[in-house]
Amino acid sequence: MNLILFTFIVLLGFTSYYFGRRKAYTIQSTNKRLTALPQFYGYYLAIWCAIPAFIIFSLWAIFEPTIVKLLILSDYSNQGYLDDELNLIYEKTKALSRGQFTGEITPFIEASAEKYLSLRSIAQSSKVVIVLSIIIASVAYAYKKISSNSRTREPVEKFLKVVLFTASLAAILTTVGIVFSLIFQTIDFFKVIPLFDFVFGTHWYPAKAFVRDSSEALDPTMYSDTFGAVPIFAGTFFIAFIAMCVAIPIGLMSGIYLAEYASVKVRQYAKPLIEILAGIPTVVYGFFAALTVGPFLKEIGNSMGLDVSAESALAAGGVMGIMIIPFISSLSDDVITSVPQSLRDGSYAMGATKSETIKKVIFPAALPGIVGSILLGVSRAIGETMIVVMASGLAANLTLNPLESTSTITAQIVVILIGDQAFGDPKTQAAFALGMSLFLVTLCLNIVALRVVKKYREKYE
Amino acid sequence: MKKNGVKMIKINSKNVDVFYGKKQALFNINLDIEENQVTALIGPSGCGKSTFLRCLNRMNDVIDICRVKGQIIINDFDINDKSCDVVRLREKIGMVFQKPNPFPKTIYENISYGPTIHGMAQSKNEMDEIVETSLKKAALWEEVKDRLHEPGTGLSGGQQQRLCIARAISVKPEVILMDEPCSALDPIATAQIEELIDELKKDHTIIIVTHSMAQAARVSQNTGFFHLGELIEHGSTDKIFKNPENKKTQDYITGRFG
């Protein structure tokens, strides 16, 4: 029903566009000059159709359920029910009206369900009538109003601005919402676990928290030595470091090759090929690391008499580095290519060779962009989940041996949130605390990056 | 400059053809450049004068699809020969571009760039001296001596172009190529550069591409007129401007086309 109504309103919008434009053409044919192009008149009418429809739909969506609920529950007032019970009755009514209620059906609830259905259908039909009549009235009003010298361009432009603003606002508000949900859970977590234990504790063993029976009272002392985040922070940075050791040199060098040395033809094929790497799902990298690279490293290590874990930080970090190569190479290639040719010419004309030109002129000029691409790579490495979950193990060892297994923040969040979770439990909240710290780390990285870029920027032009 | 009444020829080009891919841009150019003189190359846009200029320090090598045929002899040596070392060649033949293109480095580093590459200074003092002389020769020293370690890109357009000239002369080139060096500058900066060119010709041979007929007449002793990839006429500036042999030259100079 709603879909049909919606389609109808869209059609109505198109029709009003058509009528608006036609009226403009009619005015034009009487040799009057219009204040805007005819399509603006059309858009103007379409907006007069869209805005009232949108407002009424939103109001309806907000108020209809509340009003219906009030009307249904008014039958039960003065019978001494508690709020919770009333809510339960209402849910039962709704379920019954949809035919999904499986419990015992009392005559009361059956009557309510019937009432509910009739209310809904009244609401539905009155919605159709109200929406359509208001739209038609507003379009008709606007249609009458437009004349040769009416201002249609300004409202249309303003409308577009508002639409675009709303879109960006939605993105920003979502971010803010996510941050707030992190903050509140994190605060709850730190009410139970002292911040000091979290930041400086060297023992991470959240499985211990599984043991708690949720009916027991919360005893903070049982969590001491459970949520010490040092091992997983260390693991995260260690694996990211290994990844960047692979990604920065290879990525940068291939970026420089693509931008400065490769012929047009080679570049045409090589660049998309490298970018294919970026298109491989990380889970594929994950089992590549876990099933191919890990065992391979173990075999090599064993043949050399080293004790290599099958799930080693080296395997995870190395494969993660390969995953990040295309980001760095592609971005630095773009940055280097955008250094003006005049700088290269200037350097060549001084008798500099290609490598001197790259080292002394192009690289410094492109450095802010290159640093940016590297930091983007670092935040990818820190935030990467799948590869570490699959290839580097879940035991949070505090180690700097790349041949042992370690764990990362992201992998621990996965471990904590997989399976049954209880809200309000420190174990679940630990995931939020980890997420929050991850967020803070990346935020700091970005701020540092911006400062660095600003300070060392060599402006050309 | 004449020695014993004979003109000293610095650059001698023979049958130079240039191709961009399949398109021929220059046809059989034979042009001699006199030592310690200013030679102006004039002609309408796209006539090949800049292409010819870029042949003289092999800057066309940078362009993949560009091929150069013929001989360009500088100091009895054909620079198009395989044995020619481009790095040495460009040390001897400096270039100033149309748009000022200082490196995004400090003023000092802009000047010391060439001498560093060519290993011309053994100590910091020597380098300081090179920087100072170059900037003085480019008539920029007084304006920048207190801010040598500020970025070169912070200078005004005219100052930037003089910085580029200082950069070019820092390696003591024998020849300086100038590709429309004043086209991005205002009249005052242009006048300064022109004055500078006159000064520089004592030590350097200068070849300047220009769109301004008046500029060619003001600064040059010799002029070559290019049209559609051919060298139509060349000779002393006086003769080209007052008494050209070719009708096309006359038409261009009097502003009838181009």
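Residues numbered from 1 in each chain as written. Chains lettered and ligands numbered in written order. Predicted model: local features only at pLDDT ≥ 70, side-chain atom pairs only at ≥ 80, totals over all residues.

A. Spotlight on the overall build of chain B. Each helix and strand in chain B was counted, giving ten helices and twelve strands. Once the C-alpha set of chain B is aligned to its principal axes, its extents read approximately 55 × 45 × 45 Å. Expressed as a percentage of its 258 residues, the buried residues of chain B come to 46%. For chain B, restricting intrachain contacts to residue pairs at least 6 apart in sequence, the fraction spanning at least 24 positions comes to 68%. (Helix = DSSP H or I, 4+ residues; strand = E, 2+ residues; numbered from the N terminus. Buried ≥ 20, exposed ≤ 12 C-beta atoms within 10 Å, placed from the backbone. Contact = placed C-beta atoms within 7 Å.)

B. Spatial organisation of the overall build of chain A. Within chain A one finds 15 helices and zero strands. Against the 2.2 N^0.38 benchmark of 23 Å for 461 residues, chain A shows a C-alpha radius of gyration of 32 Å, more extended than a compact globule. Principal-axis analysis of the C-alpha atoms places the extent of chain A at approximately 80 × 80 × 35 Å. Of all 461 residues assigned to chain A, the portion counted as buried reaches 32%. (Rg over C-alpha atoms; globule rule 2.2 N^0.38 Å.)

C. Spatial organisation of the sheet that holds strand β3 (residues 9–20) of chain B. Strand order across the open sheet formed by four strands is β4-β3-β6-β7 (chain B), with antiparallel pairing between neighbours. The open sheet has two free edges, formed respectively by β4 (23–34) and β7 (77–78) of chain B, since each of these has just one partner strand. (Pairing = 2+ DSSP bridges.)

D. Expanded view of the pairing of β4 of chain B. Residue and element names in this part refer to chain B. In terms of strand pairing, β3 meets β4 through eight bridges, oriented antiparallel. Directly across from Tyr20, in β4, lies its bridge partner Lys23. In textbook terms, the turn of a hairpin is the stretch between consecutive antiparallel strands, and for β3 and β4 this stretch comprises two residues, one of which, Gly21, has a positive phi near 65°.

E. Molecular detail of the environment of Pro326 of chain A. Residue and element names in this part refer to chain A. Mapped onto the elements, Pro326 comes out in helix α10 (residues 313–337). The buried category is assigned to Pro326, around which 23 C-beta atoms lie within 10 Å. Along the sequence, Pro326 and Ile276 sit 50 residues apart, while their C-alpha atoms lie 8.2 Å from each other. Excluding anything up to four places from it in sequence, Pro326 contacts Ile274, Glu275, Leu277 and Ala278.

F. How the structure looks around the domain arrangement of chain A. Domains assigned within chain A are domain 1 (2–151) and domain 2 (223–456). A straight line from the C-alpha centre of domain 1 of chain A to that of domain 2 of chain A covers 50 Å. (Domains from an automatic or database assignment.)

G. Spatial organisation of the packing of helix α1 (residues 2–29) of chain A against helix α4 (residues 107–145) of chain A. Residues and elements named next belong to chain A. Contact pair α1 / α4: the axes reach a minimum separation of 11 Å and the direction vectors enclose 10°. Taken together, the axes of α1 and α4 are roughly parallel relative to one another. Only Val128, Val131, Ile135, Val139 and Tyr143 of α4 make contact with α1, whose side of the interface consists of Leu5, Ile9, Leu12, Ser16, Phe19, Gly20 and Lys23. (Axes fitted to C-alpha atoms, helices over the stretch in contact; angles between N-to-C directions. Parallel < 35°, antiparallel > 145°, perpendicular 65-115°, else oblique.)

H. Broad picture of the sheet that holds strand β12 (residues 230–236) of chain B. Residues and elements named next belong to chain B. Read across the sheet, six strands follow the order β8-β9-β10-β5-β11-β12 without closing on themselves; strand pairing throughout is mixed. The sheet terminates laterally at β8 (93–96) and β12, the two strands that pair on one side only. Recorded for the sheet is a direction-independent mean angle of 15° between the axes of neighbouring strands. Sitting on the sheet, helix α6 (residues 157–169) is in contact with β8 and β9 (175–179), with an inclination near 170° to β8.

I. Seen up close, the packing of helix α11 (residues 341–349) of chain A against helix α12 (residues 354–383) of chain A. All names here are of chain A. One can describe the packing of α11 onto α12 by two numbers: an axis separation of 10 Å at closest approach and a directional angle of 155°. Classified by the angle between their axes, α11 and α12 sit roughly antiparallel to one another. Judged by the sense of rotation from one axis to the other, the crossing of α11 with α12 is right-handed. Facing α11, whose interface residues are Leu343, Arg344, Ser347 and Tyr348, α12 presents Thr357, Val361, Ile362 and Ala365. Of the residues that constitute the contact of α11 with α12, the class distribution is five nonpolar, two polar and one charged. (Left-handed = near helix turned anticlockwise from the far one by under 90°. Nonpolar A, V, L, I, M, F, W, Y, C, P; charged D, E, K, R; others polar.)

J. Main features of the interface of chain B and chain A. Counting residues at the interface gives 22 residues for chain B, matched by 18 residues for chain A. Contributions of two or more residues to the side of chain B that touches chain A are made by α2 (86–92), β8 and α3 (107–117) of chain B. Looking at side-chain class alone, the side of chain B that touches chain A contains ten nonpolar, six polar and six charged residues.

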